[in-house]
Amino acid sequence: MPEALHFIANRWVASDKSPTIPVLDPSDGQPFTKLARGDAADIHHAVSAARSAFEGDWGRLSAAERGRILYQIANTLAQHHEALAQLEARDTGKPLKQARADAAAIVRYFEFYAGAADKLHGESLPYQNGYTVFTLREPHGVTGHIIPWNYPLQIFGRSVAASLAAGNACVVKPAEDACLSLLRVAELAAEAGLPPGALNLVTGYGAEAGAALARHPGIDHLSFTGSPATGTLITQMAAEHHTPVTLELGGKSPQIVFADADFDALVPVVINAIVQNAGQTCSAGSRLLVQRDAYEPLLERLAAAFSVLRVGPASADLDCGPLISARQQQRVWDFLSEAQHDGIPLMAHGEVDPAAPEAGFYQAPTLLRDVPPEHRLAREEVFGPVLAAMPFADESEAVRLANGTLYGLVAGVWTRDGGRQLRMARAVRAGQVFINNYGAGGGVELPFGGMKHSGHGREKGFEALYGFTTLKTIAIRHG
Ligand code: ADP
């Protein structure tokens, strides 16, 4: 794969001006390649290529033909699974087993949406006598996708595969901190038979290439996954052209544990939900709400499990890898020093492997207890492996605490009581509620997205296809 180029209309393309962005390996903090630093001209080039594809070869394909191409992409990505996983692990720092899971997930996204492409349809509607009325689900046209660095393969998969299945042509601005796997995916999609211009990638900084994409008048729909502050900016820019936006903006997702819960089942899941991807997961289970009777025994169990967690380079494939960047590491340190300053007790932490390179961006998984519900640690997204535990008395307090942040992405409820499972599922304001399990970002088939400041619109599952289409009503008067 060549260095510092965009991928537009199935060709590697240099920026007009050719500045570059260094790419650091989070495991050792050293630069190992560079990206093209795209600007408005590169974005314009990509949007024009997408428009030509939409109005040309790609747009003319039937839904079944599009599905067939997406299957070919899935198969090609599956053949390159290990290489994609290795690239993702190096670029993001995530342990190899996690990167392998992500590389498998993107295959699954293309497979799922390949099968869905020709099952998306409108409806016929009862109306006045003498009329026949029906709806058509049509693609928006050119869709823009701004992707974060935490799960490049997965988030690209869920967004781009669904958009292509619906018949759109895509322009992607991946994150400057991690996007090498996506450049390779775009190249492989071209090899698999995707017509030129159906998928275009422009790399660069958010404030340059990202902003140029968000405000480009040729974009018919925008999907963004990232921080709430950037989501606000994107929405404002998109509003200049009334471009519809799907936003997924993170969370402060609670794991709500009642005293009757099955500890053996929940301990590994609760740990994985905060340690996976070093806690840099929008749907990380970052708050632990525990019914008072179970609080001490559960924290003891969790503390023992936290203290044996090991952190190291992606290639060592331990429990946890480094954070993405020095900036992200500093952000987590700031939260932790605030906790210390405010007297929040540190219950347990894992260990960074002494053999891990000094300059890597490491942070040991950390369990904090008795975090006051109004504290920043209980309300704001740390985006690191930090679990904030607090007790609750009863169901109503559990609901109040669970809903007591601005976010509403995912929640986990742990109880054997069937009635309580259903009451909690309804009372918690979150886009996904898991009962006696938790899938941080899991489930290609499951609609995913937020309430409140976690965003709006749904990705994944069949539901995503509705967001990537617009509805046309056709009324025929025939007497
Ligand atoms: P983080 O601060 O953790 O990198 P962001 O939400 O800023 O998270 O980044 C997510 C994605 O949004 C990245 O692809 C980034 O380049 C892009 N981005 C950041 N700022 C802007 C912006 N002002 N306009 C458009 N895209 C942006």
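Cut-offs and rules
- Residues numbered from 1 in each chain as written.
- Predicted model: local features only at pLDDT ≥ 70, side-chain atom pairs only at ≥ 80, totals over all residues.
- Heavy atoms only, no water.
- Pairing = 2+ DSSP bridges.
- Helix = DSSP H or I, 4+ residues; strand = E, 2+ residues; numbered from the N terminus.
- Axes fitted to C-alpha atoms, helices over the stretch in contact; angles between N-to-C directions.
- Domains from an automatic or database assignment.
- Contact = heavy atoms within 4.5 Å.
- Buried area = accessible area lost by both parts, 1.4 Å probe.
- Buried < 20%, exposed > 50% of the residue type's maximum accessible area, 1.4 Å probe, protein only.
- Salt bridge = Lys/Arg side-chain N within 4 Å of Asp/Glu carboxyl O.
- Near = heavy atom within 4 Å.
- Polar contact = N/O pair within 3.5 Å; in protein donor to acceptor, adjacent residues only side chain to side chain.
- Areas by Shrake-Rupley, 256 points an atom, 1.4 Å probe, with all protein chains shown as cover.
- 1 Å grid on protein atoms, 1.4 Å probe; cavity = no way out; pocket = protein on both sides within 12 Å on 5 of 7 lines; lining within 4 Å.
- Sits in = over half its atoms within 2 Å of the grid points.
- Nonpolar A, V, L, I, M, F, W, Y, C, P; charged D, E, K, R; others polar.
- Points joined across faces, edges and corners; volume = space filled by probe spheres on them.
- Right-handed = clockwise from strand over helix to strand, strands pointing away.

Turning our attention to the sheet that holds strand β19 (residues 410–414). Backbone hydrogen bonds hold the strands of a sheet together, and the pairing may be parallel or antiparallel. The 7 strands are arranged β15-β17-β18-β13-β12-β19-β20 in an open sheet whose pairing can be described as mixed. Of all the strands in the sheet, just β15 (346–349) and β20 (432–435) have a single pairing partner and so form its edges. Going from strand to strand, the sheet's axes swing by 20° on average, the running direction of each strand aside. Here β15 pairs with strand β17 (residues 366–368) via 3 bridges, running antiparallel.

Each domain of the chain was delimited in the assignment, giving domain 1 (6–249 + 455–475) and domain 2 (254–443). For domain 1 and domain 2, the distance between their C-alpha centroids amounts to 30 Å. Taken residue by residue, the interface counts 28 residues in domain 1 and 30 residues in domain 2. Together domain 1 and domain 2 conceal approximately 2,100 Å² of surface at their shared face, both sides included; 54% is due to carbon and sulfur atoms. Of all residues in domain 1, Pro26, Ser27 and Trp149 give up the largest surface area on contact with domain 2, accounting jointly for 25% of the area buried on that side.

Note on placement: Val386 falls in strand β18 (residues 386–392). We classify Val386 as buried; its relative accessible area is 2%. The sequence separation of Val386 and Ala305 amounts to 81 residues, and the corresponding C-alpha distance is 14 Å. Once you skip the residues sitting within four places of it in the chain, Val386 turns out to touch Ile274, Ser286, Val332, Leu336, Thr366, Leu368 and Leu377.

Summed over the entire model, instances satisfying the criterion amount to 26 salt bridges. Where salt bridges share partners, they join Asp260, Glu395, Arg420 and Arg423 into one cluster.

Below, the discussion takes up the site of the ligand. The local shell around the ligand holds 20 residues, among which Ile147, Lys173, Glu176, Ser227 and Thr230 are the closest. Between the ligand and Gly206 there is a distance of 3.2 Å, counted from a nitrogen atom to a backbone nitrogen or oxygen. Interatomic distance of 3.0 Å between a side-chain N/O atom of Thr230 and an oxygen atom of the ligand. Isolated, the ligand exposes 550 Å² of accessible area, and the fraction of that covered by the protein chains is 85%. Judged by its atoms lying within 2 Å of the grid points, the ligand is housed in the largest pocket. Of all the secondary-structure elements, those providing two or more residues to the shell around the ligand are α8 (206–214), β10 (221–225) and α9 (228–239). Split by residue class, the shell around the ligand holds 11 nonpolar, 6 polar and 3 charged.

In this structure, the largest pocket occupies an estimated 780 Å³ of space. Residue lining of the largest pocket: 32 residues in total, with Trp149, Gly226, Ser227, Thr230 and Arg327 positioned closest to the centre. At the level of secondary structure, the elements contributing two or more residues to the lining of the largest pocket comprise α8, β10, α9 and α12 (326–341). Partitioning the lining of the largest pocket into residue classes produces 17 nonpolar, 9 polar and 6 charged. Taken together, domain 1 (6–249 + 455–475) and domain 2 (254–443) each give at least three residues to the lining of the largest pocket, which thus spans both.

Another point: the pairing of strand β7 (residues 142–146). The element β7 is extensively covered by neighbouring structure, given that 5 of its 5 residues are classed as buried. With burial as the criterion, each face of β7 is covered, one bearing Val142, Gly144 and Ile146 and the other bearing Thr143 and His145. As paired strands, β7 and strand β8 (residues 169–173) are joined by 5 bridges and run parallel to one another. Residue Ile146 lies in a different strand from β8, and its bridge partner there is Lys173. Considered for its hand, the β-α-β crossover made up of β7, helix α6 (residues 152–165) and β8 is right-handed. Direction of pairing for β7 relative to β10: parallel, over a ladder of 4 bridges. Across the sheet, residue Gly144 finds its bridge partner in β10, namely Leu222.

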